[in-house]
Amino acid sequence: MNVFRRTFTSVSFIAPIIAGKMNNLQPRLQTLAQLIPPLTASMHKGECGRVAAIGGCEEYTGAPYFVASTALRLGTDIAYVICEKDAGTVIKSYSPDVIVAPYLRSVDNPDRTLDDVQSKIERVLDKVHAVSVGSGLGTDTNIAESVRRAISAARERKLPIVVDADALALVCDTPDVISGYTNAVLTPNAPEFARLCTALGIPADQQPIDQTAQLVATKLNGPTLLVKGPRDIITDGHSIFVCDETSGLRRCGGQGDMLSGAILTFLAWGQLYKRGAWKSTARDSIHKSVPMHAAYAASMLTRHASYLAYEECSRATMSSSVLEQMDISFDNKFEEILKAVKPK
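Everything quoted here is computed from the prediction, not taken from an experiment.

Asks: Would you explain the layout of surface pockets in this entry?
Replies: Rolling a probe over the atoms, with the probe sized like a water molecule, indicates the empty space that remains. Of the voids in this model, the largest pocket is the one considered here, and its volume is about 670 Å³. The wall of the largest pocket is formed by 27 residues, among which Lys 228, Arg 251, Cys 252, Gln 255 and Gly 256 lie closest to the centre. The set of elements that each furnish at least two residues to the lining of the largest pocket consists of helix H7 (190–200), helix H9 (255–274) and helix H10 (290–313). Looking at the lining of the largest pocket, its residues break down into 7 nonpolar, 12 polar and 8 charged.

Take a look at the structure:
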């Protein structure tokens, strides 16, 4: 495994949107570091975050595993995967570190009612600090309804939510499932973003993508949008982060799931930070913009891990190669800063 730890300077920026123009400012990595829990000998299991990834069906078992494993590699303590019955044993075989709950039921496995599924999911939601939905869900209508209910339950609990992949189809069908909720991050790729634009009645190709993303975020009125591409565009409708951290040249499936896992991690840490679980000497406060900062930090780390994996594996790069670089990516970006941003 590649273990060199060079630090790369991102040319990304945060910009408030003023009259259609962006006023470029360098981001403060010290600000992002506020979201990272300090490791101390007095900590207990779960105090660095508990997360859940809802996803995984008979066909797609790797996606939720990548979400949960990324969260664990970045430093969360506990990661659940809530998946479909037929995916459970497969995902359990990938790693003993992930807690697998095969609660979802497809139309072909109707041995559990939707109400029973909802009850079991809610018991997990009561334990975690953040949840992601969508990775490897598939298109089964029973599973889709369970995820719709899970999103509603997460909103009731004021949990941060990452909405990715197949769950974005729910947003296209019924935008109200997530609109108005500020503690959420949506992560569409180019085709998913185009479908989201169509669903909201916004032309997808008549203006620069950062402006279109702003319109979509404004229309959703709350969630943060991370539009994946050559540059990742992150906006809540009020301000924009643009991350063009150098990434690898391979586009193997699963990297978006790792991005979701990284966002999930920083959102969970943000919940704990806002509760005062730790304090930082950094001067910036990000209490009101955790989703934006979480999305930016995750984008930067995932892209850098992709770069490191490609440097080592070239065309042979797989998503598992990227996963193996996540901790190194984290250290390259934050190791020195964490020494300077000392906890109180």
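Still more ground to cover, so stick around.
Asks: Can you walk me through unusual backbone geometry in this structure?
Replies: Glycine aside, residues mostly have negative phi angles, and peptide bonds mostly take the trans form. In this structure, Lys 158 takes a positive phi of about 60 degrees despite not being glycine. Take Lys 158: it is sitting in the loop between helix H5 (141–156) and strand E7 (161–163). The exposure class of Lys 158 is exposed, given its relative accessible area of 58%. The backbone of Ala 165 shows a phi angle near 50 degrees, a positive value even though the residue is not glycine. Residue placement: Ala 165 occurs in the loop between E7 and helix H6 (167–173).

Asks: Could you clarify how one ought to interpret the confidence of the model for the protein in this entry?
Replies: Regions with low pLDDT should not have their predicted coordinates read in detail. Chain-level statistics for the protein give a pLDDT mean of 90 and a share of 90% at 70 or above. Residue range residues 1–26 is modelled with pLDDT below 50. Its contacts to residues more than four positions away, or to other chains, number 68 contacts.

Asks: Looking at this structure, I do not really get a negative patch on the surface. What am I missing?
Replies: Taken together, the side chains of Glu 58, Glu 59, Asp 86 and Asp 108 present a region of like negative charge at the surface. Position of Glu 58 among the secondary structure elements: in the loop between strand E3 (50–54) and helix H2 (62–74).

Asks: Looking at this structure, I do not really get the packing of aromatic side chains. What am I missing?
Replies: For any pair of aromatic rings, the description consists of the separation of the ring centres together with the inter-plane angle of the planes. Following the criterion strictly, the structure yields 8 aromatic pairs and no others. An angle of 85 degrees between the planes, with centres 5.5 Å apart, marks the rings of Phe 241 and Tyr 296 as edge-to-face. With Phe 241 in strand E11 (residues 239–243) and Tyr 296 in helix H10, this pair connects stretches of sequence that are 55 residues apart. For Phe 241, a relative accessible area of 4% corresponds to the buried category. When the ring of Trp 269 is compared with that of Phe 330, the centres are 6.5 Å apart and the planes differ by 70 degrees; the resulting orientation is edge-to-face. One end of the pair, Trp 269, is in helix H9; the other, Phe 330, is in helix H12 (residues 326–340), and 61 residues separate them in sequence. What links up through ring pairs into an aromatic cluster is the set Phe 266, Trp 269, Phe 330 and Phe 334. Over the aromatic face of Tyr 103 sits the side chain of Lys 120, whose NZ or CZ is 5.5 Å from the ring centroid.

Asks: I'm lost on H7 in this one. Help?
Replies: Three or four residues apart is the spacing at which side chains of an α-helix point the same way, because the helix has 3.6 residues per turn. Those residues of H7 that sit buried are Glu 192, Phe 193, Leu 196, Cys 197 and Leu 200. All buried residues of H7 fall inside an arc of 140 degrees around its axis, so they share one side. Turning to H7, the residues buried within the fold contact H6, strand E8 (184–186), helix H8 (209–220) and strand E9 (224–227). Just downstream of H7 lies Gly 201, where phi reads positive at about 75 degrees.

Rules of the game
- Each chain carries its own residue numbering, running from 1 in the written order of its sequence.
- Given that the model is predicted, a residue must reach a pLDDT of at least 70 before its local features are reported, and side-chain atom pairs must reach 80 or more before they are shown or counted; all residues, however, enter totals for whole chains, interfaces and linings.
- Computation of side-chain values covers all heavy atoms of the structure but excludes hydrogens and water.
- Using a 1 Å grid laid over the protein atoms alone, points where a 1.4 Å probe fits but cannot get out form a cavity; open sets with protein on both sides within 12 Å along at least 5 of 7 lines form a pocket; any residue with an atom within 4 Å of a point counts as lining.
- Grid points are joined across faces, edges and corners, and a volume is the space filled by probe spheres set on the points.
- Put simply, DSSP H or I for four residues or longer makes a helix, DSSP E for two residues or longer makes a strand, and each gets a number counted from the N terminus.
- Charged residues are taken to be Asp, Glu, Lys and Arg, nonpolar residues to be Ala, Val, Leu, Ile, Met, Phe, Trp, Tyr, Cys and Pro, and polar residues to be all remaining types, Gly included.
- Only protein chains enter the accessibility calculation, which uses a 1.4 Å probe; a residue whose area is less than 20% of its type maximum is buried, one above 50% is exposed, and one in between is partly exposed.
- What pLDDT expresses is the predictor's confidence in each residue, scored from 0 to 100.
- Note on contacts: a residue pair qualifies if any of its non-hydrogen atoms lie within 4.5 Å across the two residues.
- Residues enter patches when they are more than 30% accessible in relative terms and free of salt bridges; like-charged ones are connected within 9 Å and nonpolar ones (Val, Leu, Ile, Met, Phe, Trp, Tyr) within 5 Å.
- Residue burial considers only the protein chains on display, and all accessible areas are found by Shrake-Rupley using a 1.4 Å probe.
- Should a side-chain nitrogen of Lys or Arg be within 4 Å of a carboxyl oxygen of Asp or Glu, the pair is scored as a salt bridge.
- Charge assignment: positive for Lys and Arg, negative for Asp and Glu; neither His nor the chain ends contribute.
- Think of each charge as sitting on NZ of Lys, CZ of Arg, CG of Asp or CD of Glu.
- Geometry of aromatic contacts follows a simple scheme: Phe, Tyr and Trp rings, the Trp one being its six-membered ring, pair when their centres are within 6.5 Å, and the pair is stacked under 30 degrees between planes, edge-to-face over 60, tilted otherwise.
- For a lysine, the NZ atom is tested; for an arginine, the CZ atom; a charge sits over a ring if that atom is within 6 Å of the ring centre and within 35 degrees of the ring normal.
- Our arc is simply the arc of the directions from the helix axis toward the C-beta atoms.

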